[in-house]
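Chain by chain, the residues:
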Amino acid sequence: MTDTLTPLRIPDEVKKRVHILFLAKNALWEGEIHPEDGNHAMYHREMREVLEGLGLKLTITQTFDILFDPPKDMDFVFPLLNRAGFFNSEMLVPLLCERAGIPYLGASPILRGLSDDKHLAKRAAVDAGVPTAPWAIYRKGAPIEQAKCPKADRYVIKPNASSASWGVGDARDWAGVKAAVERIHNDESNGGQDAIVEPFLDGSDVEVPVVTINGEPQILPMMIFRQADPSHLRTYQEKRDLVDRSQKYALEHFEHPELTAKIAELTKRSWEEYRPFDYGRFEFRVNEDTGEITFLELNLNCNLWSQKVFGRAAELAGWSQEDLIETLIAEGLQRNGIV
């Protein structure tokens, strides 16, 4: 971890020469809170404005269509269309880029799938020797068997490939777990999803933002969603600012030297499975009273908004939001041999 990382720069001649496609669900949004996507639309608007401010040669779109028959002069893709309303949609942009032979920011399709599948990511964490709570995966269409479910007083049930806690719920017994799994399997608003079940762990989520500088992952200052009530289950509506959550938790700099050192070591063990990935956020459940650290999940091509983990961490490292985004693009261009 360091607060002295130097941001990367894109040379002016590259900005003029390299044609970049920015692809995000709300890339053309002009308003504030979106009625369904909440602050995510504001995030995409901010990203567009930052990219425009960097003076890049841009094409901006909100759909996959352009990549099915891409323009011949497209040199690089910045993909943020990760949740497109169908199962495993976060893999489609990198797959289309591979099909078209266009370099892109972020991990390869297979690594995106591995990281986004919470069950597989937990298996990789266990293989790396990273503490992980017991869990059960219930794939859509497979039997929902009680014998697979770990023993716990309280359970968290959520889509196995969700983001921002979409579809999360809790239960105290098997009947509640089974009902929650069936709800996720049958939710046609997102095509139905696999479900993952794990014990609820008291504590707060520590977020570890990682950027790659000249080929080497680097940890930005860690953040914590410190909860007023450690038993509170954060929801999609809260994370997207669709409801008031000001009294429930706050995003703060995590400054516990002993725990941050341990979390950094566990993060380094975890990230070896996913290199090269350009950037990502690793999440751990931390009980500050007991010192217990448990891997939860990771998010490659994660949220970069200035008001969320990455933007706040970059600011603590002495970077502006523009520094952060330019560094990510510069690294991606360099890794792909464009610079």
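Heads up: the structure comes first, above all this text.
In this text, all values refer to a predicted model and were calculated from it rather than measured experimentally. (Residues numbered from 1 in each chain as written. Predicted model: local features only at pLDDT ≥ 70, side-chain atom pairs only at ≥ 80, totals over all residues. Heavy atoms only, no water.)

**Overview of the overall build of the chain**
Okay, so step 1: Across its full length, the chain holds ten helices and 13 strands.
Okay, so step 2: Radius of gyration (C-alpha) of the chain: 20 Å, near the 20 Å computed for a compact globule of 339 residues.
Okay, so step 3: Positive and negative charge centroids in the chain, built from 39 and 53 side chains respectively, lie 2 Å apart. (Helix = DSSP H or I, 4+ residues; strand = E, 2+ residues; numbered from the N terminus. Rg over C-alpha atoms; globule rule 2.2 N^0.38 Å. Lys, Arg positive; Asp, Glu negative; His and termini not counted. Charge placed at Lys NZ, Arg CZ, Asp CG, Glu CD.)

**Structural notes on the pairing of strand 12 (residues 279–287)**
Okay, so step 1: For strand 12, the buried fraction is high: nine of the nine residues fall into the buried class.
Okay, so step 2: Both faces of strand 12 are covered, namely the face carrying Tyr 279, Arg 281, Glu 283, Arg 285 and Asn 287 and the face carrying Gly 280, Phe 282, Phe 284 and Val 286.
Okay, so step 3: The pairing of strand 8 (residues 204–213) with strand 12 spans eight bridges and is antiparallel. Bridge pairing in strand 12 links Glu 207 to Glu 283.
Okay, so step 4: One ladder, built from eight bridges, connects strand 12 with strand 13 (residues 292–300); its direction is antiparallel. (Buried < 20%, exposed > 50% of the residue type's maximum accessible area, 1.4 Å probe, protein only. Pairing = 2+ DSSP bridges.)

**Re the side chain of His 19**
Okay, so step 1: One can find His 19 in strand 1 (residues 19–23).
Okay, so step 2: Separated by 3.3 Å, the side chain of His 19 and the backbone oxygen of Asp 73 make a polar contact.
Okay, so step 3: Those residues in contact with His 19 that lie beyond four places of it in its chain are Lys 57, Leu 58, Thr 59, Asp 73, Met 74, Asp 75 and Phe 76. (Polar contact = N/O pair within 3.5 Å; in protein donor to acceptor, adjacent residues only side chain to side chain. Contact = heavy atoms within 4.5 Å.)

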